[in-house]
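# Residue-level structural notes
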Amino acid sequence: MKKILLFIILFLCSLPAESIIETNKITIQQAVSIAAANNLDIQSSRLNIKIRENNIKSANRLQNPGINTFYNFGQSGKGNPQQIGVSQTIEIGKRGARKKLAQSEYELSNIDIAYLEADLRMDVREAYTNLLAKKSVLTTMKNQEDLLNRILIVAKDMNKKGTVSEIDVLQAKLLLNQIKTDVNFAEYDVKTALYDFNKVINSPGGFYDTVEDSFTENYMPLLIPKPYEKMPEFDSIADKAIKNRFDIKIAIQNIDIAEKSLVTVIRQKIPDFELQGGYGYQNPGQSGDGIFKHGAYVAVNLINIPIFYSFLPEINNAKINLEQANLNYASVENKALNDLRKAYEKFLTAKTNLNYYNNELLHDSEELITVSRKSYEEGKIDLTTLLSMEESYRMILIAYTYALADYYNAWNFFVREANNENFSIDNDDV
């Protein structure tokens, strides 16, 4: 089974990307814009706003009128009028409460959509960064493949001169063939990340790829601090970071909805008026004096009087919902501070790791591998030692790439928790 899977992967990776599907190269800013405008899930969610708009109109409705008739047959009509008219129920104190509740639910839908859109933009940035990381690893692997090709050429040349044995040539070939397999797997990882990236964008308008093929100094997905910048203490930025969180805004809005729901239910206890009016008449044969009589009539009724049912269960449930909304707000606020602190600590760790690579590992490993390559050509070290150094160097480069991706994603994660894409440690107004 493993052999079959490996064959499929190698076959797919041997195909150029264009043979599978044509891609459009876009920047990270363009990816965010395209997803925000065309993401099918967001488009579907935006329809909830239209539903809530219609709910406001429905809540503001007037009761429909009724048509009433009253007709007497035979002797029962003697001295009694026949009637035809209209009745209209007038709600007291209910319509305004319903409308305010619907408006509050409409505001919640707007916050929900803003939350989903912000979350989508964060997902796009993360998927773009991850795709770029896979591409960077692939670039590193291909560079190492080229270096091993050159080492093989050197080994063959030294073998012809008799300075090294045939074992060096065979060993270089073996490692070269091994890294070719690693390159194929890296290409497969790039293709997987590419499909994941487009899945996040979820736009029917095209298939997209990153403009860059590896991380550069100009790659800046957000207002991310420089790795060497001193970071402030968490407490000094906590209030600024937490004030824009959508989950807190949603919790506050749910309190408002619960309060208005309670008012709406309580208003159900208020009786309504029913107005009736119309035309009444008596035929000559039923008027008692042989004269046709007619005129208008008006009636007023008090209806929906809460005698048999006072809406007490609904009122109690509305009070419980309000209590739950307040408790949920306190819970969300507590969790938000904890999530922010965790995200900030994660970024500090990623920043420390990246600086360790920048300040120590990369420089030292580059020096070591340069000296090792020269030493092998001069016959001072054997091929086994050089190839071991090459393997270590490759692992350091790949680990550095992922450390860089972790650095970008950790800040993306912190900004996601702060719900503020313009968050900056230098701008107190953001």
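Calculation notes
Residues numbered from 1 in each chain as written. Predicted model: local features only at pLDDT ≥ 70, side-chain atom pairs only at ≥ 80, totals over all residues. Heavy atoms only, no water. Pairing = 2+ DSSP bridges. Helix = DSSP H or I, 4+ residues; strand = E, 2+ residues; numbered from the N terminus. Axes fitted to C-alpha atoms, helices over the stretch in contact; angles between N-to-C directions. Buried < 20%, exposed > 50% of the residue type's maximum accessible area, 1.4 Å probe, protein only. Polar contact = N/O pair within 3.5 Å; in protein donor to acceptor, adjacent residues only side chain to side chain. Contact = heavy atoms within 4.5 Å. Salt bridge = Lys/Arg side-chain N within 4 Å of Asp/Glu carboxyl O. pLDDT = per-residue confidence, 0-100.

## Focus: the sheet that holds strand β5 (residues 272–282)
- Read across the sheet, four strands follow the order β2-β3-β5-β6 without closing on themselves; strand pairing throughout is antiparallel. Each edge of the open sheet is held by one strand with a lone partner, namely β2 (66–70) and β6 (293–303). Ignoring strand direction, the axes of neighbouring strands in this sheet form an average angle of 20°.
- Pairing geometry for strand β3 (residues 82–90) and β5, over nine bridges, is antiparallel. Bridge pairing links Gly85 to Gly278 in β5.

## A look at the side chain of Arg245
- If you trace the backbone, Arg245 turns up in the loop between α7 (234–242) and α8 (246–267).
- Owing to a relative accessible area of 4%, Arg245 belongs among the buried residues under this scheme.
- A polar contact is formed between the side chain of Arg245 and the side chain of Asp247, at a distance of 2.6 Å.
- In contact with Arg245, not counting residues within four places along its chain, are Ala336, Asp339, Leu340, Glu417, Ala418 and Asn419.

## Looking at the pattern of salt bridges
- In the structure shown here, the tally under the stated rule is 18 salt bridges.
- Between Glu91 and Arg98 there is a salt bridge, with its nearest N and O atoms 3.1 Å apart.
- Classification of Arg98 by relative accessible area gives buried; the value is 13%.
- For Glu187, the salt bridge goes to Lys142, with nearest N and O atoms at 3.8 Å. Here Glu187 is found in helix α6 (residues 166–201), whereas its partner Lys142 is found in helix α5 (residues 95–161), with 45 residues between them in sequence.
- Residue Glu187 is classed as buried on the basis of its relative accessible area of 16%.
- Judged by its relative accessible area of 36%, Lys142 is partly exposed.
- Here the residues in one salt-bridge network are Lys25, Lys135, Asp209 and Asp213, joined through shared partners.

## Some thoughts on the confidence of the model for the chain
- When pLDDT is averaged along the chain, the result is 86, and 93% of the positions lie at 70 or above.
- At the level of individual helices and strands, the chain shows its lowest average pLDDT in helix α2 (residues 17–20), which scores 44, and its highest in α8, which scores 95.
- Per-residue pLDDT stays below 50 along residues 15–20; that stretch engages in three contacts with residues further than four places along the chain or on separate chains.

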